Amino acid sequence: MNMKQAVSDWVCEFVRDYQKRENIHTRFGEPIVGAADAFAPEIQGLRQLIGPSHVLPQDVLPDAKAVIAYYVPFTEELALTNSPAGMASPEWARAYEELNYLFADLNADLVKYVSSLGDGFAAAIPEAASEFDQTELVSNWSHRHMAYAAGLGTFGINNMLITKQGCCGRFNSIVTNLNSELLPPDRPMESELCLYKQDGSCGICMYNCPAGAINPESPDKFGAGFSRSRCYEVCLENAARYPVPEDLAPSYSAVGSEVCGKCVTGSPCAFWNR
């Protein structure tokens, strides 16, 4: 049994079916799924890269052997609503919350699905992903770094992970004890997908950022010139404008939809290879 393909097919079918729910207004593209070795240096080194409170797969599941990471893209139609300068669009804020809701349901069911594949198989949700350090402005579980380790993309100067389908979407991940024979791990991409990092061209995300948070000439410890504080200020402004819709509460967002998305909706890398 090709478990990686089975898991990928399951995720894609779940997302397709989820859009049929009465309170889901957003349309999503076809997800992509990858797997990372839980002991890969790109994962085990995250406490040094991000911070000492970052959780590792073995903290989530004692016998963890792999991380399943997936990317759910938005559509170009949604991106167009969020392309003009100014605050985030209502459609973009709604889509963010709907995807939060989808992630919670998908992960819960994916854990059950993986566990049903055989005796002793298990999976777990990294609850630390919802723990956001408001001082350092980092999460205690980085879905994007897990997706990077799983070979789904490379980081752009906008601090987003660019996949072969683009970066206009979001990532999530779970931990499992499926071994490498059952779930062969992927490796980080070697080719750079960010045009600015390739040859200095593009940089459109810099000009689209309303906070002026992107400056690749001043790299930080993550390898990007990105001001988290400036970015977060704009996200909080949008959160004050867009409370979480009552039909989607509770979700990850307690105070409102902390969104912006200007750096991923108007750039060439928003929808790669489409």
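Note: the structure precedes this text.
What counts as what
Residues numbered from 1 in each chain as written. Predicted model: local features only at pLDDT ≥ 70, side-chain atom pairs only at ≥ 80, totals over all residues. Heavy atoms only, no water. Helix = DSSP H or I, 4+ residues; strand = E, 2+ residues; numbered from the N terminus. Rg over C-alpha atoms; globule rule 2.2 N^0.38 Å. Buried < 20%, exposed > 50% of the residue type's maximum accessible area, 1.4 Å probe, protein only. 1 Å grid on protein atoms, 1.4 Å probe; cavity = no way out; pocket = protein on both sides within 12 Å on 5 of 7 lines; lining within 4 Å. Points joined across faces, edges and corners; volume = space filled by probe spheres on them. Nonpolar A, V, L, I, M, F, W, Y, C, P; charged D, E, K, R; others polar. Expected span 1.5 Å × (residues − 1). Contact = heavy atoms within 4.5 Å. Polar contact = N/O pair within 3.5 Å; in protein donor to acceptor, adjacent residues only side chain to side chain. Pairing = 2+ DSSP bridges. Core = buried A, V, L, I, M, F, W, Y, C linked by side-chain atoms within 4.5 Å.

Participant: How do you make sense of the overall build of the protein when you look at a structure like this?
Facilitator: Each helix and strand in the protein was counted, giving 11 helices and eight strands. A globule of 274 residues ought to have a C-alpha radius of gyration of about 19 Å, and the protein, at 18 Å, matches this closely. Dimensions of the protein, computed from C-alpha atoms along their principal axes, come out at roughly 55 × 45 × 35 Å. The proportion of buried residues among the 274 residues of the protein is 55%.

Participant: How should I be thinking about empty space enclosed by the protein in this particular structure?
Facilitator: Space left empty within the atom packing is revealed by a probe, the size of a water molecule, rolled over the atoms. The final tally for this structure, using the stated rule, is two cavities of 30 Å³ or more. In this structure, the largest cavity spans a volume of roughly 100 Å³. Along the wall of the largest cavity there are 14 residues; nearest its centre are Ile162, Cys194, Leu195, Cys202 and Cys269. Class assignment of the residues belonging to the lining of the largest cavity gives a composition of 10 nonpolar, four polar and no charged. Counted as a void, the second largest cavity has a volume near 30 Å³. At the level of secondary structure, the elements contributing two or more residues to the lining of the second largest cavity comprise α1 (3-18) and β1 (32-37).

Participant: So what exactly am I meant to see when it comes to the layout of surface pockets here?
Facilitator: Each pocket or cavity is described by its volume, and for the largest pocket that value is around 1,500 Å³. Forming the boundary of the largest pocket are 49 residues, of which Tyr96, Phe132, Arg144, Arg170 and Glu258 lie nearest the centre. Put simply, the parts of the chain that give the lining of the largest pocket at least two residues each are α6 (90-115), β5 (138-139), α7 (143-149), β8 (169-176), α10 (228-241) and α11 (262-265). Of the residues in the lining of the largest pocket, the class split is 32 nonpolar, 12 polar and five charged.

Participant: Whenever I open this one, α1 confuses me. Can you help?
Facilitator: Between its first and last C-alpha atoms α1 spans 22 Å; for 16 residues at 1.5 Å apiece the expected length is 22 Å, and the two agree. The complete set of buried residues in α1 reads Met3, Ala6, Val7, Ser8, Trp10, Val11, Cys12, Phe14, Val15 and Tyr18. Close packing links the buried residues of α1 with β1, β2 (66-73) and α6. A side-chain oxygen of the first residue of α1 lies 3.3 Å from the backbone nitrogen of Lys4; this N-cap is Asn2.

Participant: What should I look at first to understand the pairing of β1 in this one?
Facilitator: Within a regular strand, the side chains alternate between the two sheet faces. Counting buried residues along β1, five of its six residues qualify, which places the element largely inside the surrounding structure. Relative to β2, β1 is paired through six bridges, and the arrangement is antiparallel. If you follow Asp37 over to β2, its bridge partner there is Ala66.

Participant: Please clarify how the nonpolar core should be interpreted in this entry.
Facilitator: A general trend in soluble globular proteins is that nonpolar side chains are found buried together. Membership of the largest hydrophobic core comes to 59 residues, with the highest contact counts inside it found for Leu102, Leu106 and Leu110. Of all the secondary structure elements, the ones that give two or more residues to this core are α1, β1, β2, α5 (76-81), α6, α9 (204-208) and α11. In terms of residue count, α6 provides more of this core than any other element does, 12 residues in total. Setting aside chain neighbours within four positions, we find Leu106 in contact with Trp10, Val11, Phe14, Val15 and Tyr70. By size, the runner-up hydrophobic cluster in this structure holds 26 residues, among which are Val55, Ala150, Leu161 and Phe171.

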